[in-house]
Amino acid sequence: MVRRELFEECVSLLEKSGNEDAAFDTTCIFEDILEERHPLFSPLSQVPSDKERTIRSLAERRSEGYPLQYLLGKWEFFGYPFAVGEGVLIPRPDTEALCELAIEICRKEQLSSPRIMDLCSGSGCLAITLKKELPLAQVTAAELSEKALPFLKENIKLNDAQVELVQGDVTDPQLAAAHAGLDMIVSNPPYLTAEEMASLQTEVTHEPAMALDGGRDGLDFYRAIAKIWRSSLKEGGWICFEFGDKQHEDVGKILAENGFENITFRRDLAGIVRCAAAKRSGGPNNGKEGTC
Ligand code: GLN
């Protein structure tokens, strides 16, 4: 079969399944399997029959709602390549807003070799991008999931990034106590609410619940991290969080209650208030109790 014919067949299959990016997804599958950019520049070339079978089976899997990124086994974030697959959250473009905010703060505050810790690192997209963009930074990635860790390790190698890896639970005060003197904490923790977890888009049901489930109101990790990790930051150190749509007021409140100030919010490309940065104030905890 020639490329154009197979392409049209796959696009039509994906369109029938309700996929609004059918041509884009099919192009990604073609590029991956034919190992060529712009495969439709030669629409009349024959697709070898083994590749035709593979392309068709990937398109079928995609039409059942399996994530494109897992089918390809890789995805780009901030211009860097990341290996992905079942067990690790797919890097989202939304998270690039958090990366930009963290980089901007490091530059503005003239932190020449900041100590940065990424909590709930997953694929490592935040930790690795920060290390690539701020080569003098000392970056540590913390992740608990046995299934995510191999991807994180692979991505550190793939990007030739010197990121230190620790396996641990970010809600464990001992992990925080073992990492003092940080200039910055970044985190894209699980933040979906129980209601959202009960009505996930088919694609997202294939992603690890552990990376998505933020407890009843979606805010469990913000409460825990703001309280437990505050004293791991230097005085004047920064915390940068990603969160979900309409969570910014609650996250802002949690930050303020836990002794953070200068809270600034940032929108993602879709216009959603997506992340916040805040500075650790002086004193033990502003004289207040944390709100865990
Ligand atoms: N942005 C993801 C989603 O909406 C959630 C990621 C997270 O919980 N950190 O599916």
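Everything that follows concerns the structure shown earlier in this document.
Residues numbered from 1 in each chain as written. Predicted model: local features only at pLDDT ≥ 70, side-chain atom pairs only at ≥ 80, totals over all residues. Heavy atoms only, no water.

### Focus: the side chain of Glu242
Turning to its location among the elements, Glu242 is positioned in strand E7 (residues 233-242). One buried charged residue, Glu242, remains without a salt bridge, the closest side chain of opposite sign being Arg274 at 4.1 Å. Looking at Glu242, its side chain comes within polar contact range of the side chain of Thr95, at 2.6 Å. Only 2.7 Å separates the side chain of Glu242 from the side chain of Tyr191, close enough to count as a polar contact. Ignoring sequence-local partners within four residues, the contact set of Glu242 consists of Asp94, Thr95, Leu98, Ser187, Asn188, Pro189, Tyr191, Tyr222, Arg274 and Cys275. (Helix = DSSP H or I, 4+ residues; strand = E, 2+ residues; numbered from the N terminus. Buried < 20%, exposed > 50% of the residue type's maximum accessible area, 1.4 Å probe, protein only. Lys, Arg positive; Asp, Glu negative; His and termini not counted. Salt bridge = Lys/Arg side-chain N within 4 Å of Asp/Glu carboxyl O. Polar contact = N/O pair within 3.5 Å; in protein donor to acceptor, adjacent residues only side chain to side chain. Contact = heavy atoms within 4.5 Å.)

### What to know about the environment of Leu6
Inspection of the secondary structure assignment puts Leu6 in helix H1 (residues 3-16). Considered as a pair, Leu6 and Pro43 are 37 residues apart in the sequence and their alpha carbons are 9.7 Å apart. Sequence-distant contacts of Leu6, defined by excluding residues within four places in its chain, comprise Met1, Phe30, Val47, Glu52, Ile55 and Arg56.

### Side note on the state of the cysteines
For the structure on display, the rule yields zero disulfides. Note on Cys28: no disulfide assigned, nearest cysteine sulfur contributed by Cys10 at a separation of 13 Å. Not part of a disulfide, Cys125 finds its nearest cysteine sulfur in Cys99, a span of 6.8 Å. (Disulfide = S-S within 2.5 Å.)

### A closer look at the nonpolar core
Ranked by size, the top nonpolar core spans 35 residues in total, and within it Val170, Trp229 and Ile239 carry the most contacts. Every element with two or more residues in this core is listed here: strand E3 (115-119), helix H8 (173-177), strand E6 (182-187), helix H11 (220-229), E7, helix H12 (248-257) and strand E9 (273-280). Top element by residues in this core is H11. It accounts for seven residues. Beyond its immediate stretch of four places on either side in the chain, Trp229 contacts Met117, Leu119, Val170, Leu175, Ala176, His179, Leu182, Ile185 and Ala224. With 32 residues, the next largest nonpolar core counts Ala127, Leu130, Ala137 and Ala141 among its residues. (Core = buried A, V, L, I, M, F, W, Y, C linked by side-chain atoms within 4.5 Å.)

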